[in-house]
Amino acid sequence: MEALLHQSKAMCPFLKKTSPGTLRSLSTATHHSPGGGTITNLQFIARRCPVMNKALAVQSARMRTSNYTSAAPSIGVVKSMRAKKLHTSAEKKANVDTRIYRKGDDVLPGRVESAFAKSKDAPKPGPKPSAPTALKFDYEGFYNEELDKKHKDKSYRYFNNINRLAQEFPRAHMSAKDERVTVWCSNDYLGMGRNPEVLKTMHHTLDMYGAGAGGTRNISGHNQHAVALEKTIADLHGKDGALVFSSCYVANDATLATLGSKLPDCVILSDSMNHASMIQGIRHSGAKKMVFKHNDLVDLEAKLASLPPAIPKVIAFESVYSMCGSVAPIEEICDLADRYGAITFLDEVHAVGMYGPHGAGVAEHLDYDLYASAGPGASASTTKKGTVMDRIDIITGTLGKAWGCVGGYIAASASLVDTIRSLAPGFIFTTSLPPATMAGARTAIEYQARYQGDRRLQQLHTRAVKQDLAERDIPVIPNPSHIVPILVGDAEVAKKASDMLLSDYGIYVQAINYPTVPRGEERLRITPTPGHTKEFRDELVQALEGVWQRLKIKRTSDWRAQGGFVGVGVEGKEMQVEPLWTDEQLGLRQGVDGEVLQEALEHENSPEMPAVVAKAAAAA
């Protein structure tokens, strides 16, 4: 090996610049060879070099020739064997030995015992040894290692057995039916999952058309329920067309993946806090991605300005970000899209049903008075062009949150919808939603389009909860939406708080940890509904106070002393956040305070509550 090193130093830059000590170390350390056995680390490195690899091959060939010559019979012997023509094509006849083999004979008749057969190294009778077992990948070990990582960083997800009761909303039972809890983190924001009109429609459809759709939309799964639902959705958002998917995760993934892969040289600009479905769709598209800071118009414009004007650009963002409750500057993003030739992709998943006179989402809510003037149940298509909702190119939403069913959709121009329908595998190759589900979702949308009482009451309950928690110094991340995110700041503590609320107080609030939120921003996410009346709210606030004391969790004042964090404890931050629903839209007096809010909530348990809310809104 040393000789090889001396010969090769002149031709190899690696050997020239490497110290003798390092080369000596590499020459002695071994590495497993892909073909079996071991080689030195220096040989392993050399095999990857186009020059040294050839030199090693020559050297190896010489060594093999030398070893063979010393071990084999002499050349003369080989020649003499050839001269005797031991291998010939002459005819050979069978030679039958008539001797009989008897028990005890060393060999069978006709066989010649070799010296090797009599030696001590001769093969012994018995089973042949099995070949060495090749190592196989340890799949179960890999799974357990991955799970151990989740356990160690406290991001492992535990599922609680929660069975919501349609007749006792927002109550549920655990695995045992007599173990009742109050659910405070459901995305069934308006309780439409138990709405009598929705259930009646679903029962009727189920009895007539059965449980399943029977196939994909292309193969026997297309029906009158899909047609009617998509028309209702398109009308709600004022678009030419709509397309229903099995979930909004699939809708986002399929639409962004298709657009990004088909638009030539497309660039997708994505908000840093976008949902996983949008991130996955962008990744599947293979398009170039540019992530802009959350709700940061300056950063978004800088990235748009850096791109050639002629290339396709998609700005993907959400209206309500569900884990922090922040709301996007939709109108300003539309301005930037117009200026730089981009199209807008708006996820309204946590806003549909919750905002706007007809429940079409934040985009509709931004032109509240204009859409409200169209009257109850009027489609958005009857209103003027040029509204914020009209300016959005693609709106995506869910049927599984405020509308209480399941499924997702997109609403856009007829040509864009037809393009996704024709090209997106996530739509083409999946079974259609059941007829009862689509019929129930359509009923829920139509119900909320003509009745605002549920979402207004939900907003009043949200304000009441936020106010009660603020009075107790429990840290709520400030936001203008219906989400109540309570900052904990530690994954393990958040899990303990959630478990304590469930086991000791009969209140279910899921802990939100990484990767749903960044590490260090762990929280409890509370979502009040119209069913969370004062009795339930008082129980929640008292339970949270108990948990905060027992676990010694930081309060708003503690965060303020540290300079504030994610909006909590930041001077004046709470005062800067104005709710999307104004006092006038909720039928409250100008400059609402706790006393006025409490007055509005006094009627929440009474049968005349819908009339009270409607009357107050009309007066406003």
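Further up the page is the structure itself.
Residues numbered from 1 in each chain as written. Predicted model: local features only at pLDDT ≥ 70, side-chain atom pairs only at ≥ 80, totals over all residues. Heavy atoms only, no water.

Trainee: Sorry, what's going on with helix α21 (residues 453-471) here?
Mentor: Every α-helix carries 3.6 residues per turn, so stepping three or four residues along brings you back to the same face. If you check α21, its first and last C-alpha atoms are 27 Å apart, about what 19 residues at 1.5 Å a residue would give, namely 27 Å. Note on α21: the residue one or two positions beyond its end, D473, has a positive phi of about 65 degrees. (Helix = DSSP H or I, 4+ residues; strand = E, 2+ residues; numbered from the N terminus. Expected span 1.5 Å × (residues − 1).)

Trainee: What is the right way to look at unusual backbone geometry in this model?
Mentor: As a rule of thumb, non-glycine residues mostly have phi less than zero, and peptide bonds are mostly trans rather than cis. In this model, F169 is joined to P170 through a cis peptide bond whose omega is 10 degrees. Note the cis peptide between Y514 and P515, where omega equals 10 degrees. Relative to the helices and strands, P515 resides in the loop between β15 (511-512) and β16 (523-526). A positive phi is found at D473, a non-glycine position, where the angle reads about 65 degrees. Assignment of secondary structure puts D473 in the loop between α21 and β13 (484-487). By relative accessible area, which is 21% here, D473 ends up partly exposed. (Buried < 20%, exposed > 50% of the residue type's maximum accessible area, 1.4 Å probe, protein only.)

Trainee: Is there a simple way to explain the environment of D296 in this structure?
Mentor: Here D296 lies in the loop between β8 (288-292) and α13 (297-305). Overall, the relative accessible area of 25% leaves D296 in the partly exposed class. With 25 residues separating them in the primary sequence, D296 and D271 have C-alpha atoms 8.6 Å apart. Only 3.1 Å separates the side chain of D296 from the backbone nitrogen of V298, close enough to count as a polar contact. (Polar contact = N/O pair within 3.5 Å; in protein donor to acceptor, adjacent residues only side chain to side chain.)

Trainee: Looking at this structure, how should I read the sheet that holds strand β6 (residues 241-245)?
Mentor: Strand pairing in a sheet relies on backbone hydrogen bonds, with the paired strands running either antiparallel or parallel. With mixed pairing, seven strands are arranged side by side in an open sheet as β6-β12-β11-β10-β9-β7-β8. Each end of this open sheet is capped by a strand with a single partner; those strands are β6 and β8. Strand-to-strand twist in this sheet, taken as the mean axis angle between neighbours without regard to direction, amounts to 20 degrees. Of the pairings in the sheet, the one linking β6 to strand β12 (residues 408-412) comprises five bridges and is antiparallel in character. Bridge assignment links F245 to a residue of β12, and that residue is G408. (Pairing = 2+ DSSP bridges. Axes fitted to C-alpha atoms, helices over the stretch in contact; angles between N-to-C directions.)

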